[in-house]
Amino acid sequence: MRKRRNMPKIVDHDARRRHIAEAVHRVIHARGMESVSLREVAAEAGMSMGAVQYYVTTKDQMLLLALERIAIWIGERVAAVAADRTTPLDVLRAAILELLPLDEERRYLNRIGLAFQASSVVSEDQAAAMRAGYAALLALLTDQISAAQSAGQLAAHLEAAKEASLLYAFALGIVNPTLVGHYTPDDVAALLDHHLSRLRAE
């Protein structure tokens, strides 16, 4: 009787990269950016050093992988909430709220994001990834503002791109005060609604 030949194991490389990136996130969240190393991340991921180094060989590469995963995660979350809204203004409001630390998962995401904002100042690779993320998000906000203007929800005279930048600046500026408890989730929603009300069509 012929013996069965063992089938080669199929490895999902994208899933492995995501697993490593999420381990980086957990290390940053628990112990800070300075604690990230190949050894620490391998232990957190439950992988050997060699298995991690198959995908990333340096700390910088590993951090960039983790940062790119955050951009994907944000994009997925914003797309999900946008799909449930029926008007451009509702999409705009939901997208901004999705970026802010208003529940445990978004607090987790924002704490990691703040760590990357600091490290990207001294890493051009991270800075480039951050710029790409900003551009994509600002394009989404600009599109929704333009659509809301066309629908008569926001004032027609507004410059959509400038208003998108101001709205995003509002979101960035409120993150840290919310994380440390200065603003409650209800406070944040009220402030956002106040900002949007000033842009409405008369």
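In this text, all values refer to a predicted model and were calculated from it rather than measured experimentally.

Rules and cut-offs
Residues numbered from 1 in each chain as written. Predicted model: local features only at pLDDT ≥ 70, side-chain atom pairs only at ≥ 80, totals over all residues. Heavy atoms only, no water. Salt bridge = Lys/Arg side-chain N within 4 Å of Asp/Glu carboxyl O. Helix = DSSP H or I, 4+ residues; strand = E, 2+ residues; numbered from the N terminus. Buried < 20%, exposed > 50% of the residue type's maximum accessible area, 1.4 Å probe, protein only. pLDDT = per-residue confidence, 0-100. Contact = heavy atoms within 4.5 Å. Phe/Tyr/Trp six-rings, centres within 6.5 Å; stacked < 30°, edge-to-face > 60°.

Asker: Describe the pattern of salt bridges, with residues and values.
Answerer: Scanning the entire structure with this criterion turns up eleven salt bridges. As a salt-bridge pair, R77 and E98 come within 2.5 Å of each other at their nearest N and O atoms. Here R77 is found in helix α4 (residues 59-83), whereas its partner E98 is found in helix α5 (residues 88-99), with 21 residues between them in sequence. For E98, a relative accessible area of 11% puts it in the buried group. Of the charged contacts, one joins R106 and E98 as a salt bridge, the two residues approaching to 4.0 Å between their closest N and O atoms. The network of salt bridges with common partners includes R77, E98, D103, E105 and R106.

Asker: Provide a residue-level description of the confidence of the model for the protein chain, including the pertinent values.
Answerer: Here the protein chain shows a mean pLDDT of 92. Residues at 70 or above account for 94%. In the model of the protein chain, α4 stands out as the element of lowest mean pLDDT, 92, in contrast to helix α9 (residues 185-197), which has the highest, 97.

Asker: Explain the environment of H25 residue by residue, including any values.
Answerer: In this structure, H25 sits in helix α1 (residues 13-31). Since its relative accessible area comes to 1%, H25 is described here as buried. As for H25 and A66, which are separated by 41 residues in sequence, their C-alpha atoms are 6.8 Å apart. Excluding residues that lie within four positions of it along the chain, H25 makes contacts with A66, R69, I70, W73, Y108 and I112.

Asker: Tell me about the packing of aromatic side chains, and name the residues and values.
Answerer: All told, the structure shown has three aromatic pairs when counted by the stated rule. Summarising the aromatic geometry, the rings of Y54 and Y55 are spaced 4.9 Å apart at their centres and angled 80° between planes, so their arrangement reads as edge-to-face.

Asker: I'd like to hear about the side chain of T142, residue by residue, with values.
Answerer: In this fold, T142 is placed in helix α7 (residues 124-150). Aside from chain neighbours lying at most four places away, what touches T142 is A160, A161 and A164.

Asker: Account for the side chain of N110, naming residues and giving values.
Answerer: Within the element layout of this structure, N110 appears in helix α6 (residues 104-120). Judged by its relative accessible area of 10%, N110 falls in the buried class. Residues within four places of N110 in sequence aside, it is in contact with L99, L100, P101, V175 and L179.

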